[in-house]
Structure formats: structure tokens, C-alpha cells
Amino acid sequence: MAPSGSRSVQRGCRRVVYWIPVVFIVVIVAWSYYAYVLQLCIESIDDIGEKVVYLLAYHVTFIMFVWAYWQTIFTRPMNPLKEFHLSYSDKELLERANRGESQQEILRRVAKDLPIYTRTNSGAIRFCDRCQLLKPDRCHHCSVCDKCILKMDHHCPWVNNCVGFSNYKFFMLFLAYSLLYCLFITATDLQYFIKFWTNGLPDTQAKFHIMFLFFAASMFSVSLASLFAYHCWLVCKNRSTLEAVRAPAFRHGIDKNGFSLGFSKNFRQVFGDERRYWLLPVSSSLGDGCAFPTCLVNQDPEQPSSPEGHSANKSATDAQFPAKPLRDSQSRLLTSTPSWTESDSAEDRERKGTSNPIMIIENEM
């Protein structure tokens, strides 16, 4: 067989293997529906009122859970815009240049007009050799998808997709509704699970479904609760899983709180400004995924502390904006305070201690 044909077969096999965890979840959910609706509610519960209430509440939770799961799986991860890709001439220059400072000179020239503030730990421009592009802030290359993903959080095998800017809200709602789904089943199945051990249930196949349903829902509740709590903490801090493991490096150095704007703005960056969309798996996140406002902490390590004696982490509340304007929804994150305008004179900016557009925001942490 030709090498290209062999690679195609391997890719096809990998795609099939990647769907196994999703198929496993689908089978578990389908069985839980059968066990709860048919075996518990219809076969085992005698009270009509209790049966109706349980079925209505169950189906609302089930629909929201499946909807969020579907959105997480089938929402395509967003990739960097074409502005971040090297032009043909820049690619040729980069190939001819010696590795090291000469290549960085080319990358710095390309990056000067792009909204890029993060660097590698050594201070170099973040560049993806496989995609031939300058990585936007919070963008990482996924080895499974073989693409650069905007605001990549992680590649999740349970959804066979990269969790990033385009579907992170859906992933959060998937965790929330799946946890609610498991807790609801555990709570409503508890009394019948107790009857199973006290021989209060008729000797039918329903009793075994009720027992295993309680065990499965309880175990999934524990794991989902810990995972959901962790991602809630990440949202509050405006960090991704990758940034929690390794803090992002900026031009002024490594800063784990570099993107944090306070709880309210951090939350709205993921869930949006419209409250009616917060609990729905529809797209409402702010921004375009390529540019993020940054809270510059410890920008100058030699700068003296403030006269009030506050620590650097407490007093640093400057939010630096990308060189190019953010989308309107992203810029609204910081509209509560005045900002520099293009008409500001160089002398005014110099007097206020900066040469870049900077906005002072409230520290909501």
C-alpha cells in the first residue's frame, strides 16, 4: 500500500477511536433515560402527581444537558485570523534567515501592528511552525486537532473537540447541566434505592435499574462537581487550564493574573452581557478570541511602590488594549471608566507616564 494510503487509513482509525468516549457517554445517557423514565417513573412510582412532577423536571434538565453537550461537541474551534498568518514573502525571509535573533527580528516586525502582548518564557515572539502563524494571545496549537486554537483551554476526549474561545461557555453549561442532571436523579431515586435494600420494591427488573441508576448518578456527581468547581474558579480568575498550569509571559514578565479584570468582567467575558443568554447554550461570549484586554501587573519591576504603601499586585490596575481595536462587545468590558483617545497629545501621555493607550479600571478582585 502506498504511504499516502497508509496515512489515510491511520487517520481514519484515529478518528474512530476519538469518538469512543463520546459514544460511551451517549450510551450511558440513553440507558439512564430508559431506567429513569420507564423503569422508575412509569413502572415503580404509583403516585400520579409525583410521577408528573418528576417527569417534567427530568425532561427540562435532560433537554438542557443534551443541548449543551451537543453544542460543545459540534461547535468548531476558532482559528487565528488571516492577519496572523505569515505572507509568502515573510515565509521566504524566515526560511532564509538564520535561527535565532534574525528570525525574531522578522517576527517582531510582523507582530508590531498585531494585538499580541504575550511572549514565550524567554521573551521571544510566539510562533507556530506547523501553522506558520504568529500566535494570538492565549492561542495554542492542539496536537490532536493539528491546529492553533483561539483561547485554548484543553482538548477534551469526552466531547472529541478542543475546548476554546468558541465553545468554552457551552462546555461550562455542559458541566453545570450534567451535574444538575446527576444530582436530580440521585435525589429523586434515593427513596426507591432505600426501598430496594429494605425489600420495599416488587421483585422485577426495575429494582436493578433503580439500584445501578443511583450508583452511576452518585459517582458521576462527585467527579462532575470537582471539575465544575475547578472551571468556575478558572472563570473567576480569567484563566484557561493551560494558563493555570503555566502562567502566561508578557513583555514585562510572567504574570498569572495578566488577563484578570475582576470577577464581574471575567464572568461577562465568557457568558456575555445579556443575562437572558447566560443559562442558554447559545453564543454570547465577548470579543473575537484574537485580542484580550490585559491587566498589567508589575510592568516595571524597578518602579517604586505607591505612596499609599499598597503591594504591587494590589495597586496595579492598568488595562492595556491591543494595538488594533477590539470588537465592540469586547471593548464594553471596560467602558465604565474613561479611556485615552487618539487626540491625546504625546505630551499629555508622557505626563501621565505612558506612551501606549491605557485605561484605568476598577480592581474588582
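As recorded by an unreviewed UniProt entry, the chain carries the name Palmitoyltransferase and is attributed to Merluccius polli. The UniProt entry for the chain carries this comment under Subcellular location (unreviewed entry): "Membrane". You can read under Catalytic activity (unreviewed entry) in the UniProt record for the chain the words "L-cysteinyl-[protein] + hexadecanoyl-CoA = S-hexadecanoyl-L-cysteinyl-[protein] + CoA".

On to the overall build of the chain, then. Secondary structure summary: the chain contains twelve helices and twelve strands in total. Taken across its 365 residues, the chain has 45% of its residues classed as buried. Considering only residue pairs separated by 6 or more positions, the chain has 64% of its internal contacts joining residues 24 or more positions apart. Total accessible area on the chain is roughly 20000 Å²; 60% of this is exposed by carbon and sulfur atoms.

Spatially, E1-E8-E9 is the arrangement adopted by the three strands of the open sheet, whose pairing is antiparallel. Only two strands of the sheet have a single partner each, and these edge strands are strand E1 (118–119) and strand E9 (253–254). Of the pairings in the sheet, the one linking strand E8 (residues 249–250) to E9 comprises two bridges and is antiparallel in character. Paired with Phe250 across the two strands is Gly253, which belongs to E9.

The next thing to look at is a nonpolar patch on the surface. Among the surface-exposed residues, Trp19, Val23, Val27, Trp70 and Phe74 lie close enough to one another that they form a single nonpolar patch of about 530 Å² accessible area. Within the residue set of the nonpolar patch, elements represented by two or more residues are helix H2 (20–42) and helix H3 (48–74). Counting through the fold element by element, Trp19 comes out in the loop between helix H1 (3–18) and H2.

Core analysis: the largest hydrophobic core is formed by 42 residues, its most contacted members being Tyr36, Tyr58, Tyr69, Tyr168, Phe171, Phe174 and Ile185. Among the secondary structure elements, those contributing two or more residues to this core are H2, H3, helix H6 (168–197), helix H7 (206–237) and helix H9 (263–271). Among the elements that make up this core, the one with the highest residue count is H6 (13 residues). The residues touching Tyr58, leaving out its near neighbours within four places in the chain, are Ser32, Tyr33, Tyr36, Val37, Tyr181, Phe184 and Ile185. Ranked by size, the runner-up nonpolar core spans 25 residues in total, among them Leu86, Val110, Cys148 and Phe259.

Next up on the list: empty space enclosed by the protein. All told, the structure shown has two cavities of 30 Å³ or more when counted by the stated rule. For the largest cavity, the calculated volume is near 70 Å³. Lining the largest cavity we find Arg138, Lys151, Asp153, Tyr168, Leu234, Val235, Asn238, Arg239, Ser240, Asn266 and Val270. When residues of the lining of the largest cavity are traced back to their parent elements, those giving at least two are H7 and H9. For the lining of the largest cavity, the per-class residue count stands at four nonpolar, three polar and four charged. As a volume, the second largest cavity reaches approximately 50 Å³. In terms of residue class, the lining of the second largest cavity is built from five nonpolar, two polar and one charged.

Conventions we followed
Residues numbered from 1 in each chain as written. Predicted model: local features only at pLDDT ≥ 70, side-chain atom pairs only at ≥ 80, totals over all residues. Heavy atoms only, no water. UniProt positions renumbered as here; feature names shortened; annotations may be inferred. Helix = DSSP H or I, 4+ residues; strand = E, 2+ residues; numbered from the N terminus. Buried < 20%, exposed > 50% of the residue type's maximum accessible area, 1.4 Å probe, protein only. Contact = heavy atoms within 4.5 Å. Areas by Shrake-Rupley, 256 points an atom, 1.4 Å probe, with all protein chains shown as cover. Pairing = 2+ DSSP bridges. Patch = residues over 30% accessible without salt bridge, like charges linked within 9 Å, V, L, I, M, F, W, Y side chains within 5 Å. Salt bridge = Lys/Arg side-chain N within 4 Å of Asp/Glu carboxyl O. Core = buried A, V, L, I, M, F, W, Y, C linked by side-chain atoms within 4.5 Å. 1 Å grid on protein atoms, 1.4 Å probe; cavity = no way out; pocket = protein on both sides within 12 Å on 5 of 7 lines; lining within 4 Å. Points joined across faces, edges and corners; volume = space filled by probe spheres on them. Nonpolar A, V, L, I, M, F, W, Y, C, P; charged D, E, K, R; others polar.

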